[in-house]
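A look at the structure
The primary structure of each chain is shown beneath.
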Amino acid sequence: MTEAAGPERLISETEVARAVNDLADRLAPRLSPDAVVVCLLTGGLWFAADLTRALAVRGRPLAFDALWLTAYGDKTRHSGITTVLAGLRRPVLGRQVLIVDDVLESGLSLEAARRLVQAAGASEVLTAVFALKPAPTPGRRPPDDFAWTAPDRFLVGYGMDAAGAHRTLPWIGALPQA
Ligand SMILES: O=P(O)(O)OC[C@H]1O[C@H](OP(=O)(O)OP(=O)(O)O)[C@H](O)[C@@H]1O
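Residues numbered from 1 in each chain as written. Predicted model: local features only at pLDDT ≥ 70, side-chain atom pairs only at ≥ 80, totals over all residues. Heavy atoms only, no water.

As recorded in an unreviewed UniProt entry, the chain goes by Hypoxanthine phosphoribosyltransferase and comes from Phenylobacterium parvum.

**Considering the overall build of the chain**
Each helix and strand counted, the chain has three helices and nine strands in total. Ordered by position from N to C terminus, the α and β elements of the chain give β-α-β-α-β-β-β-α-β-β-β-β. If one aligns the C-alpha atoms of the chain with their principal axes, the spans along those axes are about 60 × 35 × 30 Å. Within the chain, buried positions represent 45% of all 178 residues. Counting contacts in the chain only where the partners sit at least 6 residues apart, residues at least 24 apart contribute 68% of the total. Put simply, the chain shows about 9,200 Å² of open surface, and 54% of that area lies on carbon and sulfur atoms. Counting 19 positive and 19 negative side-chain charges, the chain places the centres of these two groups 4 Å from one another. (Helix = DSSP H or I, 4+ residues; strand = E, 2+ residues; numbered from the N terminus. Buried < 20%, exposed > 50% of the residue type's maximum accessible area, 1.4 Å probe, protein only. Contact = heavy atoms within 4.5 Å. Areas by Shrake-Rupley, 256 points an atom, 1.4 Å probe, with all protein chains shown as cover. Lys, Arg positive; Asp, Glu negative; His and termini not counted. Charge placed at Lys NZ, Arg CZ, Asp CG, Glu CD.)

**Examining the site of the ligand**
Looking at the ligand, there are 19 residues lining it, with Tyr-72, Asp-101, Glu-105, Ser-106 and Ser-109 nearest. Asp-102 is positioned such that a nitrogen or oxygen atom in its side chain is 2.8 Å from an oxygen atom of the ligand. The protein chains hide 91% of the 490 Å² of surface that the ligand would expose on its own. Comparing atom positions with the cavity grids shows the ligand to sit within the largest pocket. For the shell around the ligand, the secondary structure elements donating two or more residues are strand S3 (63–70), strand S5 (96–104) and helix H3 (108–119). At four residues, the largest contribution of residues to the shell around the ligand is made by S5. Residue classes in the shell around the ligand are distributed as seven nonpolar, seven polar and five charged. (Near = heavy atom within 4 Å. Polar contact = N/O pair within 3.5 Å; in protein donor to acceptor, adjacent residues only side chain to side chain. 1 Å grid on protein atoms, 1.4 Å probe; cavity = no way out; pocket = protein on both sides within 12 Å on 5 of 7 lines; lining within 4 Å. Sits in = over half its atoms within 2 Å of the grid points. Nonpolar A, V, L, I, M, F, W, Y, C, P; charged D, E, K, R; others polar.)

**Comments concerning the confidence of the model for the chain**
Across the chain, pLDDT averages 95, with 98% of residues at or above 70. For this predicted complex, the interface score ipTM comes out at 0.99, alongside a pTM of 0.96. (pLDDT = per-residue confidence, 0-100.)

**Some remarks on the sheet that holds strand S8 (residues 155–156)**
The sheet built from three strands is open, its strands ordered S1-S9-S8 with antiparallel pairing. Looking along the sheet, the strands with just one partner apiece sit at the ends: strand S1 (8–11) and S8. Both S1 and strand S9 (residues 172–174) contribute to a ladder of three bridges, which runs antiparallel. Directly across from Glu-8, in S9, lies its bridge partner Ala-174. (Pairing = 2+ DSSP bridges.)

**A short note on the packing of aromatic side chains**
By the definition in use, this model includes four aromatic pairs. Measuring from centroid to centroid gives 5.7 Å for Phe-47 and Phe-130, while their planes differ by 80°, and the two rings are edge-to-face. With a gap of 83 residues between them, Phe-47 in helix H2 (residues 45–56) and Phe-130 in strand S6 (residues 124–132) connect regions that are remote in the sequence. Note on accessibility: Phe-47 and Phe-130 belong to one class, buried. On the basis of an interplanar angle of 75° and a centroid distance of 5.2 Å, the ring pair of Phe-130 and Tyr-158 is categorised as edge-to-face. One end of the pair, Phe-130, is in strand S6; the other, Tyr-158, is in the loop between S8 and S9, and 28 residues separate them in sequence. Overall, the relative accessible area of 0% leaves Phe-130 in the buried class. What makes Tyr-158 buried here is its relative accessible area of 4%. (Phe/Tyr/Trp six-rings, centres within 6.5 Å; stacked < 30°, edge-to-face > 60°.)

The following block contains the structure:
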């Protein structure tokens with residue numbers, strides 16, 4: 001019996017931590033002490049936990065909220081519909097918001113989040129993702145900053161899942177290519 005191949009490791013836990021710290025160095029001066037970090041659940045949770053603590057030690061112990069969105073389900077492509085499972089808990093009216101997510105591919109999830117945060121009255125919206133994948137279609141809005149340039153592979157780990165699997169890996173890998 002042959003064993004199914006696991007994910008191919010692309011970036012180690014140490015490299016992930018270094019990339020998050022470098023990103024925090026760049027972001028901290030751009031953020032108001034009154035800014036709110038909005039994490040996109042579920043995948044953004046691990047990156048947001050690391051990034052917010054890295055920002056806190058850089059003098060930005062920011063307020064934190066979350067939006068729970070889902071668009072991929074168990075598939076490897078955006079479904080075309082971003083469903084809001086849970087919205088913001090606290091007002092962001094008049095405040096700068098940093099939206100944080102694990103990966104940007106089509107950009108549709110981040111755009112849906114941006115619209116929700118703008119509709120809630122944020123004074124400015126910045127976006128940061130850990131992994132920036134190549135755009136599947138032209139015209140995608142880039143994030144304001146990102147930690148790592150990812151290849152065009154289906155990624156897992158550090159929040160990213162394949163039908164629920166591999167999300168809690170501390171490193172990032174890619175599923176074996178067919
Ligand atoms: O740029 P896009 O093509 O929109 O892809 C990025 C989104 O896809 C994943 O979410 P998913 O819908 O899989 O939910 P999850 O956070 O529960 O993994 C990921 O966490 C991002 O939010």
